[in-house]
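Chain by chain, the residues run as shown.
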Amino acid sequence: YPKRRESDAPSPLLPGQDGVYVPYSFMPIVKATSSSCTRADLGLRDDGTVYVIVGNRLDREITETFASMVRRLLEEDETAQVLIVGRGYGGLIEAGAAEGVGDRVVSLPVRRDLEAVFSVCDVFLNPFRQGGGLSAFLAMDAGLAIMTCDGSDVANTAPPSGIHPDESAYGAAL
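The sections below set out a description of the structure shown in this document. Note that the coordinates shown come from a computational prediction; the quantities given were computed from them, not determined experimentally.

As a further point, take the overall build of the chain. For the chain, the helix and strand inventory stands at five helices and eight strands. Tracing the chain from N to C terminus, the helices and strands come up as β-β-β-α-α-β-β-α-β-α-β-β-α. Expressed as a percentage of its 174 residues, the buried residues of the chain come to 43%. Expressed as a percentage of contacts within the chain between residues at least 6 apart in sequence, the contacts between residues at least 24 apart total 58%. Carbon and sulfur atoms make up 50% of the accessible area of the chain, which totals about 9,200 Å².

Written out as structure tokens, the structure reads:
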């Protein structure tokens, strides 16, 4: 993560408040302290890798190109699961997928307990987008691996190993 410099503005967190300071954000993200969940609580199996996608404009952010890459991942890895959290997801990943793939895609509405959700996930998939990047920043704070494209909303804070130069390289890395 980028380290704050002495010249940066002070953290907006209150003294003693546990939270994540997100540079360039309008407000701090205060960590949940009592929320927890299991994979079963979210409709996921206990085995396999869980890839999570979070957003408020998923109808525009999950493009056919992105969906086909995720679909291919699910078809090649029979233990992989995808959790989608947010608004606007229309089932594009499952559309036209091989039999059984749709059973490993779980879609949930917006949740306020992303920290708990991320605790049962393994990899954060960032669609090709420009947004706030807050969910990816929280995923990094929770220890998830991040996958994104260079120039995306989280490329300036994601670890270099998770940044791919273009959609083709992103798809190959999946």
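Moving on from the model shown.
Okay, the side chain of Arg-129 next. Relative to the assigned elements, Arg-129 resides in the loop between β6 (123–125) and α4 (134–141). Among the polar contacts listed, one links the side chain of Arg-129 to the side chain of Asn-126, at a separation of 2.8 Å. Once residues within four sequence positions are removed from consideration, Arg-129 is found in contact with Val-54, Gly-55, Leu-58, Glu-61, Phe-124, Ser-135, Ser-152 and Asp-153.

Core analysis: the biggest nonpolar cluster contains 26 residues, and Leu-42, Val-52, Leu-83, Phe-118, Cys-121 and Phe-124 have the highest contact counts within it. Counting residues per element, the ones that place at least two in this core are β3 (50–55), β4 (81–86), β5 (105–108), α3 (114–118) and α4. Ranked by residue count, the leading element in this core is α4, at five residues. Beyond its immediate chain neighbours, meaning those up to four positions away, Leu-42 contacts Cys-37, Leu-83, Val-106, Leu-108, Arg-111, Val-117 and Val-120. Met-69, Leu-73, Val-123 and Cys-149 belong to the second largest nonpolar core, which has 24 residues in total.

Conventions adopted
Residues numbered from 1 in each chain as written. Predicted model: local features only at pLDDT ≥ 70, side-chain atom pairs only at ≥ 80, totals over all residues. Heavy atoms only, no water. Helix = DSSP H or I, 4+ residues; strand = E, 2+ residues; numbered from the N terminus. Buried < 20%, exposed > 50% of the residue type's maximum accessible area, 1.4 Å probe, protein only. Contact = heavy atoms within 4.5 Å. Areas by Shrake-Rupley, 256 points an atom, 1.4 Å probe, with all protein chains shown as cover. Polar contact = N/O pair within 3.5 Å; in protein donor to acceptor, adjacent residues only side chain to side chain. Core = buried A, V, L, I, M, F, W, Y, C linked by side-chain atoms within 4.5 Å.

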